[in-house]
Amino acid sequence: MPLWLEAGWWGLVGGLALVVGALVAWRVRVPQPVVAGIMAFGAGVLISALAFELVDEAEQTGGLTPTILGFLGGAVVYSGANVLLARQGARHRKRSEDQQPSEDEDSGSGAAIAVGALLDGIPESVVLGLSLLGGGGVGVGVLAAVFISNVPEGLSSAAGMKRAGRSAAYVFGVWGGIALASGLAALVGALLLQDASDATIAAITAVAAGAILAMLADTMIPEAFEKAGLFTGLITTLGFLTAFTIDRW
């Protein structure tokens, strides 16, 4: 299988975890503390992956300067886009209770939420594609982190969409579309960058890492802390250690 096609496949696999989470939320009323705990665990998994699989590896292969600039750039771009989307009604897109506005309350918020969810998922998918460029197959730690963290993301956000009165067609159309976009992002990333320099790959990997960290701080961790409270730190630590162990096993 060509490398770029393999990258697209793994990006799609990671994105489908969002659909799995959404399906659980649509079929089962999951208690809020459980949703929050899963969200905290997923945040810890992603923090571990971006620290050891992304930023550290980017610095070792491409140098400190491209890594720093890329990391800051990713965080700035994500945060700026997130501010704009929040003003359009997508601020609480990962919240599972009544924080998401309905279309009657905020016209256009449905589209903003969909775009926001896409914004959250693309950096992870690009990283999956880039992880194949070293020739050793997909980064297992990154794939595990993306999949484990995407399930609670889809679960929490879909629960909020349902409570806001959005239809099944909308909810699964959003997450199905994002799963496909995730596969496409991984495919395109691998296709365009397979001959890129180490510094370029390091910078782009760091951009994705910075965007992921900003996303965690802006969306996942607030949702987790709201219901898991003082247990958030402990659960996040367990997620971090799980991903670290998978990476070093």
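Residues numbered from 1 in each chain as written. Predicted model: local features only at pLDDT ≥ 70, side-chain atom pairs only at ≥ 80, totals over all residues. Heavy atoms only, no water.

Going by the annotation in an unreviewed UniProt entry, the name recorded for the protein is ZIP family zinc transporter, with Motilibacter deserti given as the source organism.

*Asks:* Where do I start with the packing of helix 1 (residues 3-27) against helix 6 (residues 168-193) in this structure?
*Replies:* Geometry of a packed helix pair, given as the angle between the helix axes and the separation of the axes. Their axes nearest at 7 Å, the elements helix 1 and helix 6 cross at an angle of 160 degrees. Judged by the inter-axis angle, helix 1 sits roughly antiparallel to helix 6. Here helix 1 and helix 6 pass one another in a crossing that is right-handed. Here the contact of helix 1 with helix 6 is built from residues that sort into 21 nonpolar, six polar and no charged. (Axes fitted to C-alpha atoms, helices over the stretch in contact; angles between N-to-C directions. Helix = DSSP H or I, 4+ residues; strand = E, 2+ residues; numbered from the N terminus. Parallel < 35°, antiparallel > 145°, perpendicular 65-115°, else oblique. Left-handed = near helix turned anticlockwise from the far one by under 90°. Nonpolar A, V, L, I, M, F, W, Y, C, P; charged D, E, K, R; others polar.)

*Asks:* Where do I start with the UniProt feature "transmembrane region" (unreviewed entry) in the protein in this structure?
*Replies:* Mapped onto this structure's residue numbering, the UniProt feature "transmembrane region" (unreviewed entry) falls at residues 7-26, 33-52, 64-85, 126-148, 168-192, 199-216 and 228-246. Helix makes up 100% of residues 7-26 and strand 0%. Its end C-alpha atoms lie 29 Å apart. In this annotation, residues 199-216 is assigned 100% helix and 0% strand; the end-to-end C-alpha distance for the span is 26 Å. (UniProt positions renumbered as here; feature names shortened; annotations may be inferred.)

*Asks:* Help me out: how do you make sense of the packing of helix 2 (residues 32-62) against helix 8 (residues 232-248) in this one?
*Replies:* Across the interface, helix 2 lies against helix 8 with an axial gap of 7 Å and an inter-helix angle of 45 degrees. Classified by the interaxial angle, the pair formed by helix 2 and helix 8 is oblique. In the crossing of helix 2 with helix 8, the sense of the turn from one axis to the other is right-handed. Taking contact as the criterion, the partners of Gly-37, Ala-40, Phe-41, Ala-43, Gly-44, Val-45, Ile-47, Ser-48, Phe-52 and Glu-53 in helix 2 are, on helix 8, Thr-232, Ile-235, Thr-236, Leu-238, Gly-239, Phe-240, Thr-242, Ala-243, Phe-244, Asp-247 and Arg-248. For the contact of helix 2 with helix 8, the class distribution of residues is 11 nonpolar, seven polar and three charged. (Contact = heavy atoms within 4.5 Å.)

*Asks:* Even after reading the chapter, I still don't get a nonpolar patch on the surface, so can you show me in this structure?
*Replies:* On the surface, Met-1, Trp-4, Leu-5, Trp-9, Leu-184, Val-188, Leu-191 and Leu-192 cluster together to form a nonpolar patch covering roughly 820 Å² of accessible area. Where the nonpolar patch is concerned, the elements lending two or more residues are helix 1 and helix 6. With four residues, the top contributor of residues to the nonpolar patch is helix 6. Tracing the chain through its elements places Trp-4 in helix 1. (Patch = residues over 30% accessible without salt bridge, like charges linked within 9 Å, V, L, I, M, F, W, Y side chains within 5 Å. Areas by Shrake-Rupley, 256 points an atom, 1.4 Å probe, with all protein chains shown as cover. Salt bridge = Lys/Arg side-chain N within 4 Å of Asp/Glu carboxyl O.)

*Asks:* Would you explain the nonpolar core in this entry?
*Replies:* Judged by nonpolar contacts, the single largest core of 25 residues is most densely connected at Leu-46, Leu-50, Leu-54, Val-142, Ile-212, Leu-216 and Met-220. Where this core is concerned, the elements lending two or more residues are helix 2, helix 4 (109-130), helix 5 (140-163) and helix 7 (198-228). A per-element tally of this core places helix 7 first, with nine residues. Apart from residues lying up to four places away in sequence, Ile-212 is in contact with Leu-46, Leu-50, Leu-54, Pro-123 and Glu-124. With 13 residues, the next largest nonpolar core counts Val-30, Ala-158, Ala-159 and Val-171 among its residues. (Core = buried A, V, L, I, M, F, W, Y, C linked by side-chain atoms within 4.5 Å. Buried < 20%, exposed > 50% of the residue type's maximum accessible area, 1.4 Å probe, protein only.)

*Asks:* Sorry if this is basic, but what is going on with helix 2 here?
*Replies:* Note on helix geometry: an α-helix contains 3.6 residues per turn, so any two residues three or four positions apart are oriented the same way. In this model, helix 2 (31 residues) spans 42 Å end to end at C-alpha, consistent with the 45 Å of a helix rising 1.5 Å per residue. Its axis deflected by about 35 degrees at Leu-50, helix 2 carries its strongest bend there. Taken from the residues just after helix 2, Gly-63 is the one with a positive phi, measuring 100 degrees. (Expected span 1.5 Å × (residues − 1). Bend = angle between axes of the 7 residues up to and from the residue.)

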